[in-house]
Amino acid sequence: MLSIDNLHAVVGGAEILKGLTLDVPAGEVHAIMGPNGAGKSTLSYVLTGRSGYDVTQGGATLDGADLLALAPNERAARGLFLSFQYPLEIPGVPSLTFVRTALNAQRVARGEAEVSAPEFLKRARAVAAALKIDFDMLKRPLNVGFSGGEKKRMEIFQMVMLEPRFLILDETDSGLDIDALRIVSEGVNALRSPDRAMLVITHYQRLLDYIKPDRVHVLAGGRIVASGGPELALELEATGYDRYAA
Amino acid sequence: MMLARAIAEQDVAHLPGRRDEAWKYTDLRGALRAVPGPSPRGVAPVGLGPLGAVEADHAITFVNGRCDGEGSFEARAGETATFRLRFVSQAEETSHQAAFAVTVQAGATLTLLETYEGSGSAYLANVNLDIWLAEGASLERIVVLEEPDDAVSVSSAEVELSAESAYAQTVLTRGARLQRHETRLHHPGGGATVRIDGVYLLGARRHADLTTVVTHEGVGGVTSQLTKGVARDQARGVFQGKIVVSHGADRTDARMGHHALLLTDGAEIDAKPELEIYADDVSCAHGNTVGALDEDALFYMRQRGLPEAQARAMLMQAFLGEVTDRIAHEGARHAAQAWAAAELGALS
């Protein structure tokens, strides 16, 4: 599904990713763990096409398509979704309007029919209820004045509504209390399916108690330095990242 | 007044220019080598103009400074009405001017739909309005300016309020070669409220100048001002907002905001917010920002699937929406929102 090959990327003149290779097959959840500054967020921005994150070598494909040749919105239309570590505020645009516009833009790009307003609202109500999001909050401008936890919950709301095929969760647990973490994780787990895959980026093992990974990778110094099963996360929690320091 | 005299006497020496502090960004003297000759009689245009979608009870149209009715309008005490006032320019390298008075009697509620519609080219137009609100009167004034690239046009209003009256104004413009919309408002305090807003959307080499002077002269006056603009290419937006709180105008509550987006490097915004306070115990604030669209927000929106142009348009519409949302008259609000959306479409 997602295949990253010898990826090198430069941010502000500094090489952050230094030959990262990773395969995430459909149906699997992979976790990327690593110390601060290892390049975890850089990886998520390179994959989604943020400007200022320049690939100098290597590549990445999603279902065989060259991801790096596509505009950010084209990547989204092909099913790539990033849950941001720090979701942006969009003043003046009600959350529901935003999500509906995004969903329809993706559908149009894929040659599908737009979703009607009643159909969209019906689904939005159901998803909001499942994520314990007050429906009135969805009428407010997206993320404006929301707490850190509310923003993260809105990311998951958008994710569920947009039904992406490949999900990247960037430090989704930060800013969440235990109850919110459980709700958010349930939302994520409900999306697990044989034709989807996920990359869960996290500094701490805590999130992986709720979203159980099939594989765990350690990212340090811009490349994957160790890979293993879920037990690797527990090991890291006990020993720390010191032995992987670049 | 200087402009009125220049046109009346066909004498360029009376034109205000950059040596006049209030006109330094809108230099009429520098722009015009001579005052163009008088405009001919025009023909009343077909249709109802840019706010035609909003129904009106009364209408007066000026064409090239001549009007089809009286030179004044009065909303009678207790009346609720909508009045359409159009200033049409159909002129080629000529000049014209008009004066008009609007009175809103005690307890009356008036919606004023005021439009400036230009066809032809290189004309010089000047309009002077006198607006008076009696006690407890309410006026909401929506102004739309649609004039050619090469027109020079100035519109000024003197507004006089009485106690307990409510004045609200939203000016929407896409500029001209040189265009200025000026409002001088005397605020008596005493429970009177003022909202004084503007939107400018400028491309090419267009220039729009929104100048306001609100003078608080009594105790307890409220003023809320919000102006937003977008400029690209070599366009120039000018905002001069002045709030004076006179001696004794205690407990005045005045807020002024001006925020502009520069879409390209060649565009320019000149902002001059001024608070002049001579009273005690007042609450005054102003905020002024000029910047580009938030690139991080744009990336976030694109990550969710919005094409770049759509994301930009959505951010800009939301940005301007904070101004047009403040229009109370529902029909006028929808018309203003539609106008801004269409102009933004033309800009992006």
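Residues numbered from 1 in each chain as written. Chains lettered and ligands numbered in written order. Predicted model: local features only at pLDDT ≥ 70, side-chain atom pairs only at ≥ 80, totals over all residues.

(A) Representation of the overall build of chain A in the model. Within chain A one finds 8 helices and 10 strands. Relative to its length of 246 residues, chain A is compact, with a C-alpha radius of gyration of 18 Å against a globular reference of 18 Å. If you line up chain A on its principal axes, its C-alpha atoms span 55 × 40 × 35 Å. Expressed as a percentage of the 246 residues in chain A, the buried residues total 43%. Taking as baseline every contact in chain A between residues at least 6 positions apart, the subset at least 24 positions apart corresponds to 72%. (Helix = DSSP H or I, 4+ residues; strand = E, 2+ residues; numbered from the N terminus. Rg over C-alpha atoms; globule rule 2.2 N^0.38 Å. Buried ≥ 20, exposed ≤ 12 C-beta atoms within 10 Å, placed from the backbone. Contact = placed C-beta atoms within 7 Å.)

(B) Focus on the overall build of chain B. In terms of regular secondary structure, chain B is built from 5 helices and 18 strands. The C-alpha extent of chain B, read off along each of the three principal axes, is 55 × 50 × 45 Å. Counted over contacts in chain B with a minimum sequence separation of 6, partners at least 24 positions apart contribute 82%.

(C) Local environment of the nonpolar core. By size, the foremost hydrophobic cluster in this structure holds 172 residues, and its most contacted members are Val200 of chain A together with Ile142 of chain B. The leading source of residues in this core is helix α4 (residues 308–324) of chain B, at 8 residues. If we skip the residues at most four places from it in the chain, Val200 of chain A touches Val29, Ala31, Leu169, Leu207, Ile211 and Pro213 of chain A. (Core = buried A, V, L, I, M, F, W, Y, C linked by C-beta atoms within 7 Å.)

(D) Looking closely at helix α3 (residues 295–303) of chain B. Counting buried positions along α3 of chain B gives 7 out of 9 residues, so the element sits mostly inside the fold. Considered for burial, the residues of α3 of chain B that qualify are Ala297, Leu298, Phe299, Tyr300, Met301, Arg302 and Gln303 of chain B. Lining the buried residues of α3 of chain B we find α1 (40–48), α2 (72–77) and β6 (80–83) of chain A together with α4 of chain B. In the stretch just after α3 of chain B, Gly305 of chain B is the one whose phi turns positive, near 115 degrees.

(E) Representation of the environment of Gly218 of chain B within the structure. Its place among the elements puts Gly218 of chain B in the loop between β13 (207–216) and β14 (222–231). When the C-alpha atoms of Gly218 of chain B and Ala192 of chain B are compared, they prove to be 9.6 Å apart, with 26 residues separating the residues in sequence.

(F) Spotlight on helix α1 (residues 2–9) of chain B. Residue and element names in this part refer to chain B. Within α1 the residues assigned to the buried category are Leu3, Ala6 and Ile7. The arc enclosing the buried residues of α1, seen along the axis, measures out at 95 degrees, which places them on a common side. Away from its buried face, by an angle of more than 90 degrees, α1 presents the exposed residues Arg5 and Glu9. Elements in contact with the buried residues of α1: α2 (28–31), β5 (95–104), β7 (124–133) and β9 (152–160). Following α1 by one or two positions, Gln10 has its phi on the positive side, about 50 degrees. (Arc of directions from axis to C-beta.)

(G) View of the sheet that holds strand β2 (residues 14–24) of chain A. All names here are of chain A. Read from one edge to the other, the open sheet built from 4 strands follows the order β2-β1-β4-β5, with strand pairing classed as antiparallel. Two strands in the sheet have a free side with no partner beyond their single neighbour: β2 and β5 (65–66). Taken together, the 2 bridges between strand β4 (residues 53–62) and β5 define a ladder with antiparallel strand orientation. Looking at the pairing, Leu62 lines up with Ala65 of β5. (Pairing = 2+ DSSP bridges.)

(H) Looking closely at the pairing of β4 of chain A. All names here are of chain A. As defined by bridge partners, strand β1 (residues 2–11) adjoins β4 across 8 bridges and the pair is classed as antiparallel. What sits directly across from Leu2, in β4, is Leu62. Connecting the antiparallel pair β4 and β5 is a turn made up of 2 residues, with Asp63 showing a positive phi of about 50 degrees.

(I) Geometry of the interface of chain B and chain A. Across the contact, 17 residues belong to chain B and 19 residues belong to chain A. The element that contributes the greatest number of residues to the side of chain B that touches chain A is α3 of chain B, accounting for 7 residues. Its residues placed into classes, the side of chain B that touches chain A shows 9 nonpolar, 4 polar and 4 charged. (Nonpolar A, V, L, I, M, F, W, Y, C, P; charged D, E, K, R; others polar.)

(J) Quick look at the sheet that holds strand β8 (residues 197–202) of chain A. Residue and element names in this part refer to chain A. Strand order in this open sheet of 6 strands is β6-β7-β8-β3-β9-β10, and the pairing throughout is mixed. Looking at which strands have only one partner, the edges of the open sheet turn out to be β6 and β10 (223–228). Taken pair by pair, the neighbouring strands of this sheet meet at an average axis angle of 20 degrees, ignoring direction. Relative to β8, strand β3 (residues 29–33) runs parallel, the two being bridged by 5 bridges. Bridge pairing links Val29 to Met198 in β8. (Axes fitted to C-alpha atoms, helices over the stretch in contact; angles between N-to-C directions.)

(K) Structural context of the packing of helix α5 (residues 148–162) of chain A against helix α6 (residues 178–189) of chain A. All names here are of chain A. For the pair α5 and α6, interaxial distance at closest approach is 10 Å and the crossing angle is 10 degrees. It follows that α5 is roughly parallel to α6 by the angle criterion. Both α5 and α6 take part in a crossing whose hand is left-handed. Contacts between α5 and α6 involve Gly149, Lys152, Arg153, Ile156 and Val160 from the former and Ala180, Val184, Gly187 and Val188 from the latter. Per-class residue counts for the contact of α5 with α6 are 5 nonpolar, 2 polar and 2 charged. (Parallel < 35°, antiparallel > 145°, perpendicular 65-115°, else oblique. Left-handed = near helix turned anticlockwise from the far one by under 90°.)

(L) Structural detail: the packing of α4 of chain B against helix α5 (residues 330–347) of chain B. Residues and elements named next belong to chain B. Their axes nearest at 10 Å, the elements α4 and α5 cross at an angle of 150 degrees. Judged by the sense of rotation from one axis to the other, the crossing of α4 with α5 is right-handed. Contacts between α4 and α5 involve Ala313, Met316, Gln317, Leu320 and Thr324 from the first element and Arg333, Ala336, Gln337, Ala340, Ala341 and Leu344 from the second. Taken together, the residues of the contact of α4 with α5 sort by class into 7 nonpolar, 3 polar and 1 charged.

(M) A look at the pairing of strand β8 (residues 138–146) of chain B. Residues and elements named next belong to chain B. With 8 of its 9 residues buried, β8 lies for the most part within the structure. Here strand β6 (residues 109–121) runs beside β8; their pairing, made up of 9 bridges, is parallel. Looking across to β8, one finds that Leu113 is bridged to Ile142. Strand direction decides the pairing type here: β8 and strand β10 (residues 166–173), joined by 8 bridges, are parallel. When the sheet's bridge partners are listed, Leu139 is paired in β10 with Tyr167.

(N) Structural detail: the confidence of the model for chain B. A residue-level look at chain B finds 100% of positions with pLDDT of 70 or above and a mean pLDDT of 95. Two numbers describe this predicted complex: its pTM, 0.85, and its ipTM, 0.95. (pLDDT = per-residue confidence, 0-100.)

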